[in-house]
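Coordinate inspection notes
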Amino acid sequence: SLPTSSEAVTMTSAELESVLLEQPMYVEETKYIIQHEEYKALYPDMLRAIIKNNSGTDVKNAVVAFAAWDSNGFPLKLEGHLSFNSNYVVKCNYSDVNMINGATYGENSGLALDSSMNNIETFKAIVVSYEDFDGNTWNNPYYDIWIEIYENKKLN
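Here is what the cut-offs are and how they apply
Residues numbered from 1 in each chain as written. Predicted model: local features only at pLDDT ≥ 70, side-chain atom pairs only at ≥ 80, totals over all residues. Heavy atoms only, no water. Buried < 20%, exposed > 50% of the residue type's maximum accessible area, 1.4 Å probe, protein only. Helix = DSSP H or I, 4+ residues; strand = E, 2+ residues; numbered from the N terminus. Arc of directions from axis to C-beta. Contact = heavy atoms within 4.5 Å. Phe/Tyr/Trp six-rings, centres within 6.5 Å; stacked < 30°, edge-to-face > 60°. Salt bridge = Lys/Arg side-chain N within 4 Å of Asp/Glu carboxyl O.

Quick look at helix α2 (residues 13-20) now. Three or more residues of α2 are buried, namely L16, V19 and L20. Looking down the long axis of α2, one finds its buried residues gathered within 100 degrees of arc, a one-sided arrangement. Against the buried residues of α2 lie β1 (25-33), β10 (122-132) and α3 (143-150).

On to α3, then. Within the span of α3, buried status applies to Y143, I145, W146, I147 and Y150. Just downstream of α3, N152 is the residue with a positive phi angle, here 55 degrees.

We now examine the side chain of S129. Turning to its location among the elements, S129 is positioned in strand β10. Given the relative accessible area of 11%, S129 is considered buried. S129 has contacts with A62, V63, T137, W138 and N139, leaving out every residue within four places of it along the chain.

Once that is clear, we can look at the packing of aromatic side chains. Tallied over the entire structure, the rule returns six aromatic pairs. Between F66 and F123, the aromatic rings sit 6.2 Å apart at their centres with planes inclined by 40 degrees, giving tilted as the arrangement. With a gap of 57 residues between them, F66 in strand β3 (residues 59-69) and F123 in strand β10 connect regions that are remote in the sequence. One exposure class covers both F66 and F123, and it is buried.

With that settled, consider the pattern of salt bridges. Counted according to the given criterion, the structure contains four salt bridges. As a salt-bridge pair, E17 and K124 come within 3.8 Å of each other at their nearest N and O atoms. Here E17 is found in helix α2, whereas its partner K124 is found in strand β10, with 107 residues between them in sequence. For K124, a relative accessible area of 22% puts it in the partly exposed group. Linking K40 and D45 is a salt bridge whose minimum nitrogen-to-oxygen distance equals 2.8 Å. Residue K40 is classed as buried on the basis of its relative accessible area of 18%. Where salt bridges share partners, they join E29, R48 and E107 into one cluster.

This is the structure:
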């Protein structure tokens, strides 16, 4: 069901997080991965997000968005590895995930970070959309609310 505008205004982050877990596809687990203590340019740190397909159909591709904060709860502009852009929310293509219903994906997937990004304390991830093998696209009806709550906002 689509969120109402009054829901969007009053929804807390805790309420949002619990609603997201009931969606056809959701982020099941996040973890900050340090691939190498020293050689960050070759083995960048990564914001990993494992997604779960609960849609009842086979999924071909997905898009996941990330937002992050420092130890004071201040929003950070994320800069991806080998990227020249930085934004408070960065989308990653999870291409050719080929997930059957009930499957998870993403053990080695997520946002690889520029070596300058060394102060991330907390991050969040959300499934923005996915595409099935029949060419149907599901767009997350709560993505705008997620953006409203988290993008360039202090984390409480």
